[in-house]
Each structure stands twice: as C-alpha cells, then as structure tokens.
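Structural description and commentary
If you want the building blocks of each chain, they are given just below.
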Amino acid sequence: MRDGVEPGYLMAGSAAYRLASRILFVAGFSTFATLYCVQPLMPEFVREFGVSPAESSLALSLTTGLLAGSLLIAGVLSDGIGRKPIMVASLLAVGLLGILGALMPDWHGFLIVRALEGIALSGLPAVAMAYVSEEVDPRSAGMTMGLYIGGTAIGGMSGRVLTALVTDLGTWRLAVGVVGALGIAAALTVWAGLPPSRHFVKRPAGLRELTRAWRGLLGDRGLLALFSMGFMLMGGFVTVFNYIGFRLSEAPFDLRPAVVGAIFLVYSFGVVSSPLFGALAGRYGNDRTLAAAVLLMLAGLALMQPDSLWFIAPGIALFTFAFFGAHSTVSAWIGQRATVNRGQASSIYLFCYYMGSTTAGTLGGLFWHGFGWTGVALFIGGLLLAGAAVSFGLLVRR
C-alpha cells in the first residue's frame, strides 16, 4: 500500500491511465455508433421497406433487447475468462456484422443481422465498466467512468449524424457499412493498446456460483434501486430520440434527414456532463448528484413541448446533458457498491438499462401513433417521475 492506494492501479495522470482512458473512449465510441446508427434511418426504413414507424423502431429495439439478455451471459464469461479478450472479440464481431447488414436485401434479413449485433455488442459495456472498477485508482474511477461514457455519447452522436449525412449524400446502406468498418478498427485498437488486467480475479462460472452471486446482488436494496434507474432513465432517453425525428420531419418543421440528424450533435454535451457529474458525485455524493440530474432531465423534457426549435433545441441539449450525467453517476456507484462480482453487477444494471430502451422505445411508437408528441412526452414524463421518486428515496436513506 502507498498513500492508501493498492499498487498496480492505473493512476490519474500516468501514461498508462491516459492510454487506457483513450482506448476505452474509442471502444465506447464504436459500440454506441453501431448500436444507434439506425435511429435517424427509421424514416428511410418506412419508405424503402413499407413498414410502420413502430415497426421501423425494431431495427433498434431488437438490437437492444438481444443486447440486454446477452449482457447477463457476457458478465459471467468475463468473470471467468477476463475483460480484454471479451472486449476485442465483441468489437470485431460487431464490425463484421455491420458490413453484412449493409448488404441485406430485405427487411427481415436486416433485422436478423441487427439481432446478432445485439448479442455481439454485449461483450463490451458491462465488461468495460468492470475493467474500470478493477483497474483504475478508486479515487479516479468516477472520472474515468465518465470519460468512457463520454465516448459512448460521442459514438451515439457520431453514429447518428454520420449515417444521416451519408444517407443524405448517398444511401443508408453505405452509411451502415462505414459504421461497421469503424467497429473493426476499434477492435484492433483495443487489442493492441489496452493495458492488461492486473486486479482481475477469475471466478467460477457454474450455475451454483452464479446463483449465489445473483442472490447477493439482488438482495441489496440499494443495488435494486440503481438497477431500476437504468430502466427508467434509458427508457425515457431513447424514446425521445426515437420519435423526435418523426416530429421534426413533419409539419410545421418539415426538416430534411441531414438536418434532423444534426440534432444528435447534442450528444457532445454528454462528453462534458459525464466526467463533470462523476467529479460532482465524488464531492457531493452519488445520491445528491443523481437526484439533481433526474430533475434536470424533467426540465429538458418540459422545454421540448412548444412547436418551436428555439425551445426544442435547448430542451434536447439539457435533457441529454442531464441523462449522461445520471448514467455515469449510477454506473460508477454500482462499481463502488458491488465490491465482488462486479462484472455481473454491471451486467444486471445494463440488462435493465437496455430493457428500458427496448420496452419504452417500442411502446413510445404506440403513443406517437395515437397521440402524437404530446402522448410521447407524457409517457416519458411518467418514467422520469418514477425515476425521481427512486432517486429521492436513495437520498433519504443516506
């Protein structure tokens, strides 16, 4: 021990820490570019394949649904095999499947590829969270988690903006293929440069051990509350971005695809808010920081209601800024609270996170079809009010 820190940790300011942070940023970038690149393409799917808006959302919801279920397996595999090998294999498979998806001639074939991508993507998010919790100096873990999630924010933004731009200039198939190539490049980057694990402890992956680990994790009320926050936060977030494109493509806005895709530039706010909220959590506490972030999301949603871009644009920006702050706070908090079986704890959280995306993202289409944006906003507001209640419950139990 030195200055209260166990030797071998990646220390803030060191060359190894900076390298690991950059590479985790790249990994998060590629993963979320792949996952969300189809979101601005949903109107294109409606036109080319003749599907409904709710059916077009399956290109994302199916991927996130398979990702959610597969995360539970990926966490177990990484606890038994190691973090880095799983991340490399995941990114490589995702890249190859992305290129294959661009070549699929029909809607059902494309959906099959997107489902397989969901399975392949499972090897990155929870494993990266576990890697940060194990390898980074605990005093810097919140900031590092924020940097990783900042990479996911930029990836989500770039995937959406890139595909919207390339589609406007060429075709959506070319856009999806380019994102696939980025996945292959990310796999090579992680393989060549990410520092190996030093604190990883291999754990048995049998059913008995898994049951024991889950019993311990799910028996912790604090962790259960944090898991539920993933469902509500992500459910509300993805529903906004699933259907705001439809709103802006119609009267009174009638915006072109490239202009609609530009709204995803607000993801850049996540690059700022993720490490910022990580630092705030270290100073003021996870509970206070999380409660503040949820309230800011509600304020952003309220700003989006008027039919004016002068309100919608700052509303989306505030909503996005607060979401990534909340997500980074919860992610780091789980790593701190689950002192063992961190891979599985992260997997359960992200399972709930992506189930929120899958369930709410698809249900939002029904509200859009029946009640327009007002219905979608009320649905999202209900999720966030429930999240606010949970976050204040965590604050009261402090």
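Described in the following lines is the structure provided in the data block. Here the residue numbers are simple positions, counted from 1 along each chain's written sequence. In keeping with the predicted nature of the model, local features appear solely for residues at pLDDT of at least 70, side-chain atom pairs appear and are counted solely at 80 or more, and the whole-chain, interface and lining totals rest on all residues. Side-chain numbers here rest on the full set of heavy atoms in the structure, without hydrogens or water.

A few words on the overall build of the protein chain. When helices and strands are tallied, the protein chain shows 16 helices and zero strands. With the C-alpha coordinates of the protein chain rotated into their principal frame, the extents come out at 65 × 45 × 40 Å. Contacts were defined at the residue level, with two residues in contact if any of their heavy atoms lie within 4.5 Å. Partitioning the contacts of the protein chain with sequence separation of at least 6, the portion at a separation of at least 24 is 83%. Note that accessible areas follow from Shrake-Rupley with a 1.4 Å probe, and for residues the cover is restricted to the protein chains shown. As presented, the protein chain carries roughly 15,400 Å² of accessible surface, and 69% of it is formed by carbon and sulfur atoms. Of the charged side chains in the protein chain, 25 are positive and 18 negative, and the gap between their average positions amounts to 11 Å. Secondary structure elements follow DSSP: runs of H or I no shorter than four residues count as helices, runs of E no shorter than two count as strands, and numbering proceeds from the N terminus. The convention is simple: Lys and Arg are positive, Asp and Glu are negative, and His and the chain ends are not counted. Charge positions are represented by NZ for Lys, CZ for Arg, CG for Asp and CD for Glu.

With that settled, the discussion passes to the pattern of salt bridges. For salt bridges, the criterion is a side-chain nitrogen of Lys or Arg within 4 Å of an Asp or Glu carboxyl oxygen. The full count for this structure, using the stated rule, is five salt bridges. A salt bridge links Arg47 to Glu44; the nearest nitrogen and oxygen atoms lie 2.6 Å apart. In this pair, Arg47 and Glu44 both sit in helix H2 (residues 42–49), three residues apart, roughly one turn of the helix. The closest approach of N and O atoms between Asp307 and Arg247, which form a salt bridge, is 2.9 Å. Taken as a pair, Asp307 in the loop between helix H14 (286–303) and helix H15 (309–337) and Arg247 in helix H11 (residues 221–249) lie far apart in primary sequence, 60 residues in all.

Count 3.6 residues to each turn of an α-helix, and residues three or four apart come out pointing the same way. To estimate how far a helix should reach, multiply one less than its number of residues by 1.5 Å. For H14, which comprises 18 residues, the first-to-last C-alpha distance of 26 Å matches the rise-based estimate of 26 Å (1.5 Å per residue) to within 8%. For every residue, the accessible area (1.4 Å probe, protein chains only) is compared with the maximum for its type, and the residue is labelled buried under 20%, exposed over 50%, or partly exposed between those bounds. Listing the buried residues of H14 in full gives Asn286, Asp287, Thr289, Leu290, Ala291, Ala293, Val294, Met297, Gly300 and Leu301.

In this structure, the amide linkage connecting Ala251 to the following residue, Pro252, adopts the cis form with an omega of 5°. Among the secondary structure elements, Pro252 is positioned in the loop between H11 and helix H12 (257–261). For Asp254, which is not glycine, the phi torsion reads 50° and is therefore positive.

Attention now goes to the nonpolar core. In this text, buried Ala, Val, Leu, Ile, Met, Phe, Trp, Tyr and Cys residues form a nonpolar core when linked through side-chain atoms within 4.5 Å. Core analysis: the largest hydrophobic core is formed by 117 residues, its most contacted members being Phe45, Phe319, Tyr354 and Trp373. In terms of residues, this core owes the most to one element, H11, which gives 16 residues. When sequence neighbours within four positions are dropped, the list of residues in contact with Trp373 reads Val240, Tyr243, Ile244, Arg247, Met304, Gln305 and Trp368.

With respect to the helices and strands, the residue Arg114 is situated in helix H6 (residues 107–121). Each C-alpha atom of the pair Arg114 and Asn286 lies 35 Å from the other, and the pair is 172 residues apart in sequence. Beyond its immediate sequence surroundings of up to four residues, Arg114 is in contact with Thr34, Leu35, Cys37, Val38, Ala59, Leu60 and Thr63. A polar atom in the side chain of Arg114 sits 2.9 Å from the backbone oxygen of Ala59. Contacts described as polar in this section are N or O atom pairs within 3.5 Å, which, within protein, must combine one atom able to donate a hydrogen with one able to accept it, while residues neighboring in sequence count only if both atoms come from side chains.

What follows covers the packing of helix H13 (residues 268–284) against H14. Structural elements are reduced to axes, namely lines fitted to C-alpha atoms, with helices fitted over the stretch in contact, and the angle between N-to-C directions of any two is expressed from 0 to 180 degrees. Interhelical geometry of H13 versus H14 gives an angle of 135° and a closest axis separation of 7 Å. Considering the angle they form, H13 stands oblique to H14. Facing Phe277, Leu280, Ala281 and Tyr284 of H13, the residues of H14 in contact are Asn286, Asp287, Arg288, Thr289, Ala293 and Leu296. Taken together, the residues of the contact of H13 with H14 sort by class into six nonpolar, two polar and two charged. By definition in this entry, angles of less than 35 degrees are roughly parallel, angles greater than 145 are roughly antiparallel, angles of 65 to 115 are roughly perpendicular, and the rest are oblique. Each residue gets one of three labels, nonpolar for Ala, Val, Leu, Ile, Met, Phe, Trp, Tyr, Cys and Pro, charged for Asp, Glu, Lys and Arg, and polar for the others, Gly among them.

Each Phe, Tyr or Trp ring (for Trp, its six-membered ring) is paired with any other whose centre lies within 6.5 Å, and the angle between the two planes then decides the class: stacked below 30 degrees, edge-to-face above 60, tilted in between. Applying the stated criterion to the full structure yields 20 aromatic pairs. Consider the rings of Phe246 and Trp368, whose centres lie 6.3 Å apart with planes at 35°: the pair is tilted. In this pair, Phe246 sits in helix H11 while Trp368 sits in helix H16 (residues 342–396), placing the two residues 122 residues apart along the sequence. Here Phe323 and Phe324 contribute two aromatic rings whose centre-to-centre distance is 5.1 Å and whose plane-to-plane angle is 75°, an arrangement assigned as edge-to-face. For Phe323, a relative accessible area of 0% corresponds to the buried category. Given the relative accessible area of 3%, Phe324 is considered buried.

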